[in-house]
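Notes for the structure review
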Amino acid sequence: MGESIKQFLGLIVFGNIENLILAAQGVAAHVDPLGLAGLSLCAVVCWLLIGTFGTKAAMKYARYINFIGGLAIFILGLQAMMESLPGMLAFLH
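Keep in mind that what you see is a predicted model, and the values were worked out from it rather than measured.

Along the chain, the position of Ser84 falls in helix H4 (residues 62-92). As for Ser84 and Gln25, which are separated by 59 residues in sequence, their C-alpha atoms are 8.9 Å apart. Within the structure, Ser84 has its side chain in polar contact with the backbone oxygen of Met81 (distance 3.0 Å).

As structure tokens, this is what we get:
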């Protein structure tokens, strides 16, 4: 694995986990699965292109990118947990 990817490995792993959480939220909200799949595929292709062509330029800012990406993943995870809390409480009672 190249050195350029090692710096972003944590962000890649946790970003993919967050994508799965967001997709599950879409399914729970009864979003059209084909529309959700299409939008998810577009997002993945866009990030692939950005990652492929932007990695060399982003190396200078790897620390900042990891911090901002990690913060975004953390905030989205908190949001997902807070939105699921009423449903969990209703299930337990």
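Text resumes after the structure shown.
With that settled, consider the packing of helix H2 (residues 9-28) against H4. In contact at an axis separation of 10 Å, H2 and H4 are set at 25° when each is read in the N-to-C sense. Classified by the interaxial angle, the pair formed by H2 and H4 is roughly parallel. The handedness of the crossing between H2 and H4 comes out as left-handed. Seen from H2, the contacting residues are Leu11, Phe14, Gly15, Glu18, Ile21, Leu22 and Gln25; seen from H4, they are Ile65, Asn66, Gly69, Gly70, Ile73, Leu76, Gly77, Ala80 and Glu83.

What follows deals with the layout of surface pockets. Its volume calculated, the largest pocket comes out at about 1,100 Å³. Together, 27 residues line the largest pocket, and Leu11, Ile12, Asn16, Trp47 and Leu48 are the ones closest to its centre. Those elements giving two or more residues to the lining of the largest pocket turn out to be H2, helix H3 (33-58) and H4. If you tally residues by element for the lining of the largest pocket, the top one is H3, at twelve residues.

Moving on: the environment of Leu34. Tracing the sequence through the fold places Leu34 in helix H3. The sequence separation of Leu34 and Arg63 amounts to 29 residues, and the corresponding C-alpha distance is 36 Å.

Turning next to the confidence of the model for the protein chain. For the protein chain, mean pLDDT is 79; residues scoring 70 or higher make up 94% of the total. Taken element by element, the predicted model of the protein chain shows its lowest mean pLDDT in helix H1 (residues 3-6) (68) and its highest in H4 (85).

Together, Tyr61, Tyr64, Ile65, Phe67, Ile68, Leu71, Phe74, Ile75, Leu78 and Met81 make up an exposed nonpolar region whose accessible area comes to about 1,100 Å². With respect to the helices and strands, the residue Leu78 is situated in helix H4.

Okay, the environment of Ile65 next. When you line up the elements, Ile65 lands in helix H4. A relative accessible area of 32% places Ile65 in the partly exposed class. In this structure the C-alpha to C-alpha distance between Ile65 and Leu11, which are 54 residues apart in sequence, comes to 8.9 Å. Setting aside anything within four residues of it in sequence, one finds Ile65 in contact with Phe8, Leu11 and Ala58.

Reading the values: the criteria
Residues numbered from 1 in each chain as written. Predicted model: local features only at pLDDT ≥ 70, side-chain atom pairs only at ≥ 80, totals over all residues. Heavy atoms only, no water. Helix = DSSP H or I, 4+ residues; strand = E, 2+ residues; numbered from the N terminus. Polar contact = N/O pair within 3.5 Å; in protein donor to acceptor, adjacent residues only side chain to side chain. Axes fitted to C-alpha atoms, helices over the stretch in contact; angles between N-to-C directions. Parallel < 35°, antiparallel > 145°, perpendicular 65-115°, else oblique. Left-handed = near helix turned anticlockwise from the far one by under 90°. Contact = heavy atoms within 4.5 Å. 1 Å grid on protein atoms, 1.4 Å probe; cavity = no way out; pocket = protein on both sides within 12 Å on 5 of 7 lines; lining within 4 Å. Points joined across faces, edges and corners; volume = space filled by probe spheres on them. pLDDT = per-residue confidence, 0-100. Patch = residues over 30% accessible without salt bridge, like charges linked within 9 Å, V, L, I, M, F, W, Y side chains within 5 Å. Areas by Shrake-Rupley, 256 points an atom, 1.4 Å probe, with all protein chains shown as cover. Salt bridge = Lys/Arg side-chain N within 4 Å of Asp/Glu carboxyl O. Buried < 20%, exposed > 50% of the residue type's maximum accessible area, 1.4 Å probe, protein only.

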